[in-house]
Amino acid sequence: MDDPVETARQAVADYGTRPQRLLVVLRRIQQVCHHVPRPAQQVVAEAFGLPLAQVEGVIEFYHFLHTRPRGDYEIYFSDCVIDAFQGFEALMQRLCGRLGVGPGQCRADGRVSVDTTACTGLCDQGPALLVNGLPLGRLTPARIDAIAERIEAAVPVAEWPPEWFEVAANFRQPDKVLGSAWQSGAGLRAALRRGAEWLLDELQASGLRGRGGAGFPTALKWKYCRQTPGAHYVVCNADEGEPGTFKDRELLRHHADQLFEGMTLAALVTGARQGFLYLRGEYQWLLPQLEEALRRRRREGLVGRNICALADFHFDIDIVVGAGAYICGEESALLNSIEGVRPHPRNRPPYPVTCGLWGQPTVVNNVESFAAAALVAARGGAWFAEVGTEKSKGTKVLSVSGDCDRPGIYEVPLGITVAEVLDLCGAGDTLGVQVGGPSGTFVHPPEYGRRIAYEDLGTGGSFMVFGTGRDLIDIVHRFARFFAHESCGFCTPCRVGTQLQLRLLEKVRRGWATAGDIQELEQLRAILAASHCGLGHTAANPVQTTLARCPERYRKVLRDLEFSPGFDLDAALEAARQLTGRFGDHLSQE
Ligand SMILES: Cc1cc2nc3c(=O)[nH]c(=O)nc-3n(C[C@H](O)[C@H](O)[C@H](O)COP(=O)(O)O)c2cc1C
Ligand code: SF4
């Protein structure tokens, strides 16, 4: 292991000490030293002018940063429900057995550590793992054995067969955003010819709403930010942490120029001079090609100083890589992460459009929103609005995974029914579909006429198909585990509520629960609703939406159908009564 102090000093020298560089410095130390030891933390704290406790607090927050050593080969299996149904658990046991290391542990010789992490964004080609940050999908027992052999022989990951690391694009159905011919700079030139107000009008006409899930109108967001005085920022949310979502992965790989142009258009409208792309830690393998796309745009005068040869149009983009925390997809937590502080969600209002990065007006949009905005500028709002519904214009890119013949990426007109999507991807007998990831909605066959649209089933893109052979309680239990793990712990209703929910579901899954436990699960919704942010607000969705539709699945596994409290005080006291021979008569007041 390299000297931690030297490594930290070098990282600071390479990346500098601006707050947005804290994560990359810590990641570099983690990469070289396999953890961030105390002496390295001290160097970082001093260089950034932060209290040591703050640096330690940041490290402890993220799943991919550690204060205790990890292995030379750092392996994380994706424990998304889809990877689980594709058999990752048996494969992880097999690898652990071959290497003599337990899940969640680092081997005594420091050679390898094996752990799980939330969805790695490869559900269309799982089961998957990350090894030293690189993705490895389509795992089989034979591949696992070959991996174990290479680790034992200390073969560097760079020398493993390159085809192991190939990630298929799986574009099954491109449409307006994925399928239109794109010419770099086309949107920008159109907007510069006609002006920022024209662009806002076109965005308005396009009906484009945020593709990250919440569906806020993009034109309004940019307009509000433009109207607020300050040093504006533009931020692209590429955190894509919702289990079952992977469409941004391919937008980033194949449509990065379009996305950067969308960000530059937002800068043109708001006057921002600096932008950030926040890339989830699980996608750090995309960093080199994203940086190359940015370099190309700089060479072409489409980003950087004097964009399109204009004297007063300057806008540059920095890429900040996260370190494994689902909550960083929540826009205000994301901003805190960029600022180098613990990424707890902020109080809202004020919203980022008026008070975002460093308290300045900030546009935060999803990858797909920016990519669509660039096309709207190039082709006009009416073109985009040709398809969709009254309230949901245009197309939506879906990540389809699970029990179907053709998992992958489908760009569909908004308003499409669930049945039509199931038809496209070749899904037969289904138990149901989880639309919008664990925080979304479970729909079952009688509802397959429902529509993917903001007025019906809104989604950031996750569309997980479950066949009739799947165990609904197992699915819900895994979602509950996800929320309990990803709760940032900032507020009590979510910190405690997600743990209680998990514990109750554990009872249900083991067949120990009673009707009283189900009642408690239902009541938890009210507690979680009092949470601080969207994670807590939606953490009860899996239970609520499945309980409403399939109560018989719960009833089938209950120990007791009648209402009974989770803890039977009288029964517990009976044992003591028998032992002591005291049956309460000594308490008589008569
Ligand atoms: C817990 C949580 C996780 C989120 N994760 C993401 C994400 O990974 N990507 C994303 O674009 N939006 C995510 N969002 C929504 C963002 O907060 C925000 O609404 C979005 O980035 C705005 O962009 P849009 O208007 O283009 O959708 C998340 C929200 C919550 C509450
Ligand atoms: S709701 Fe959960 S994730 Fe959100 S701030 Fe509270 S503890 Fe953190």
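Residues numbered from 1 in each chain as written. Chains lettered and ligands numbered in written order. Predicted model: local features only at pLDDT ≥ 70, side-chain atom pairs only at ≥ 80, totals over all residues. Heavy atoms only, no water.

- If you look the chain up in an unreviewed UniProt entry, it shows as NADH-quinone oxidoreductase subunit F from Methylomarinovum tepidoasis.
- Regarding the chain, the relevant UniProt record gives this comment under Sequence similarities (unreviewed entry): "Belongs to the complex I 51 kDa subunit family." (UniProt positions renumbered as here; feature names shortened; annotations may be inferred.)

**Focus on the sheet that holds strand β12 (residues 408–413)**
Move 1: Judged by pairing direction, the sheet is mixed, and its six strands sit side by side in the order β6-β12-β11-β15-β13-β14 without closing on themselves. Every interior strand has two partners, whereas the edge strands, β6 (171–173) and β14 (441–443), have only one. Strand-to-strand, the axes of this sheet are offset by a mean angle of 30°, without reference to chain direction.
Move 2: Sheet analysis places β6 next to β12, joined by two bridges and oriented parallel. For glutamine 173, the partnering residue across the bridge sits in β12 and is tyrosine 410. (Pairing = 2+ DSSP bridges. Helix = DSSP H or I, 4+ residues; strand = E, 2+ residues; numbered from the N terminus. Axes fitted to C-alpha atoms, helices over the stretch in contact; angles between N-to-C directions.)

**Brief notes about the nonpolar core**
Move 1: One finds Trp222, Leu252, Phe260, Leu277 and Phe315 to be the most contacted residues of the largest nonpolar core, which totals 92 residues.
Move 2: If sequence neighbours within four positions are ignored, leucine 277 has contacts with Cys236, Ala238, Leu252, Leu259, Phe260, Met263, Leu290, Ile317, Asp318, Ile319 and Val320.
Move 3: Listed in part, the 51 residues of the second largest apolar core include Val25, Val36, Val55 and Leu130. (Core = buried A, V, L, I, M, F, W, Y, C linked by side-chain atoms within 4.5 Å. Buried < 20%, exposed > 50% of the residue type's maximum accessible area, 1.4 Å probe, protein only. Contact = heavy atoms within 4.5 Å.)

**Looking at the site of ligand 1**
Move 1: Of all residues adjacent to ligand 1, which total 18 residues, the nearest are Gly212, Lys221, Asn365, Asn366 and Ser369.
Move 2: Interatomic distance of 3.3 Å between a backbone N/O atom of glycine 241 and an oxygen atom of ligand 1.
Move 3: Here ligand 1 has 620 Å² of accessible area as a free molecule, and 88% of this is covered by the chains.
Move 4: Secondary structure elements with two or more residues in the shell around ligand 1: β10 (362–366) and α22 (534–538).
Move 5: No other element matches the three residues that β10 contributes to the shell around ligand 1. (Near = heavy atom within 4 Å. Polar contact = N/O pair within 3.5 Å; in protein donor to acceptor, adjacent residues only side chain to side chain. Areas by Shrake-Rupley, 256 points an atom, 1.4 Å probe, with all protein chains shown as cover.)

**A look at the pairing of strand β13 (residues 430–435)**
Move 1: With six of six residues buried, β13 is to be regarded as a mostly interior element.
Move 2: Pairing geometry for β13 and strand β15 (residues 462–467), over five bridges, is antiparallel. Within β15, the position partnered with valine 433 by the bridge is valine 465.
Move 3: In textbook terms, the turn of a hairpin is the stretch between consecutive antiparallel strands, and for β13 and β14 this stretch comprises five residues, one of which, glycine 436, has a positive phi near 90°.

**Some remarks on the site of ligand 2**
Move 1: Surveying the vicinity of ligand 2 reveals 13 residues, the closest of which are Cys488, Phe490, Cys491, Cys494 and Cys533.
Move 2: Here the residues of the shell around ligand 2 sort into eight nonpolar, five polar and no charged. (Nonpolar A, V, L, I, M, F, W, Y, C, P; charged D, E, K, R; others polar.)

**Topic: the packing of aromatic side chains**
What describes a pair of aromatic rings is the distance from one ring centre to the other and the angle between the planes of the rings.
Move 1: Overall, the coordinates contain 15 aromatic pairs when judged by the stated rule.
Move 2: Consider the rings of tyrosine 283 and tryptophan 285, whose centres lie 6.4 Å apart with planes at 80°: the pair is edge-to-face. Here the two residues tyrosine 283 and tryptophan 285 agree in accessibility, since each one is buried.
Move 3: Ring geometry for tryptophan 383 versus phenylalanine 384: centroids 6.4 Å apart, planes at 50°, classification tilted. When sorted by exposure, tryptophan 383 lands in the same class as phenylalanine 384, which is buried.
Move 4: Joined through ring pairs, the aromatic side chains of Tyr73, Trp160, Trp164 and Phe165 make up one cluster.
Move 5: In this structure, arginine 280 is placed above the aromatic ring of tyrosine 283, and the distance from its NZ or CZ to the ring centre is 5.1 Å.
Move 6: The ring of tryptophan 383 has arginine 379 sitting right over it, with the charged end atom 5.1 Å from the ring centre. (Phe/Tyr/Trp six-rings, centres within 6.5 Å; stacked < 30°, edge-to-face > 60°. Lys NZ or Arg CZ within 6 Å of the ring centre and 35° of its normal.)

**What to know about helix α13 (residues 256–270)**
Move 1: The terminal C-alpha atoms of α13, which comprises 15 residues, lie 21 Å apart, in line with the 21 Å expected from a rise of 1.5 Å per residue.
Move 2: Of all 15 residues that make up α13, 14 are buried, and the element is covered over most of its length.
Move 3: One or two positions beyond α13, positive phi appears at glycine 271, with a value near 85°. (Expected span 1.5 Å × (residues − 1).)

**Describing unusual backbone geometry**
Move 1: In this model, glycine 126 is joined to proline 127 through a cis peptide bond whose omega is -5°.
Move 2: Note on placement: proline 127 falls in the loop between β3 (112–117) and β4 (129–131).
Move 3: The peptide bond linking proline 349 to proline 350 adopts the cis configuration, its omega dihedral lying at 5°.
Move 4: Secondary-structure assignment places proline 350 in the loop between α15 (331–338) and β10.
Move 5: Residues other than glycine seldom take positive phi values, yet alanine 154 does so here, at roughly 55°.
Move 6: The residue alanine 154 is located in the loop between α7 (141–152) and β6 in this model.
Move 7: Residue alanine 154 is classed as partly exposed on the basis of its relative accessible area of 41%.

**What about the confidence of the model for the chain?**
Move 1: Scored by pLDDT, the chain has a mean of 95; 95% of the residues are at 70 or more.
Move 2: This stretch, residues 586–590, has a pLDDT under 50; its non-local contacts, to residues over four places away or in other chains, come to zero contacts. (pLDDT = per-residue confidence, 0-100.)

**Topic: the pattern of salt bridges**
Move 1: Evaluation of the coordinates by the stated rule reveals 37 salt bridges.
Move 2: The residue glutamate 6 makes a salt bridge to arginine 9 at a minimum N-O spacing of 3.5 Å. Here arginine 9 and glutamate 6 lie together in helix α1 (residues 4–15), a separation of three residues that amounts to about one turn.
Move 3: Taking the relative accessible area as the measure of exposure, glutamate 6 reaches 41% and is therefore partly exposed.
Move 4: Note that glutamate 250 is salt-bridged to arginine 249, the shortest N-O span being 2.6 Å.
Move 5: Taken together, the shared-partner salt bridges connect Arg211, Lys247, Asp248, Glu368 and Lys396 into one network. (Salt bridge = Lys/Arg side-chain N within 4 Å of Asp/Glu carboxyl O.)

**Description of the state of the cysteines**
Move 1: Overall, the coordinates contain zero disulfides when judged by the stated rule.
Move 2: Its sulfur unpaired, cysteine 404 is 4.0 Å from the next cysteine sulfur, which belongs to cysteine 425. (Disulfide = S-S within 2.5 Å.)

**Things to note about the packing of helix α10 (residues 196–206) against helix α16 (residues 367–379)**
Move 1: One can describe the packing of α10 onto α16 by two numbers: an axis separation of 9 Å at closest approach and a directional angle of 110°. As the angle between them shows, α10 and α16 are arranged roughly perpendicular. Crossing of α10 against α16: the hand is right-handed. Contact residues: Trp198, Leu199, Glu202, Leu203 and Ser206 in α10; Ala373, Val376 and Ala377 in α16.
Move 2: Grouping the amino acids of the contact of α10 with α16 by side-chain chemistry returns six nonpolar, one polar and one charged. (Parallel < 35°, antiparallel > 145°, perpendicular 65-115°, else oblique. Left-handed = near helix turned anticlockwise from the far one by under 90°.)

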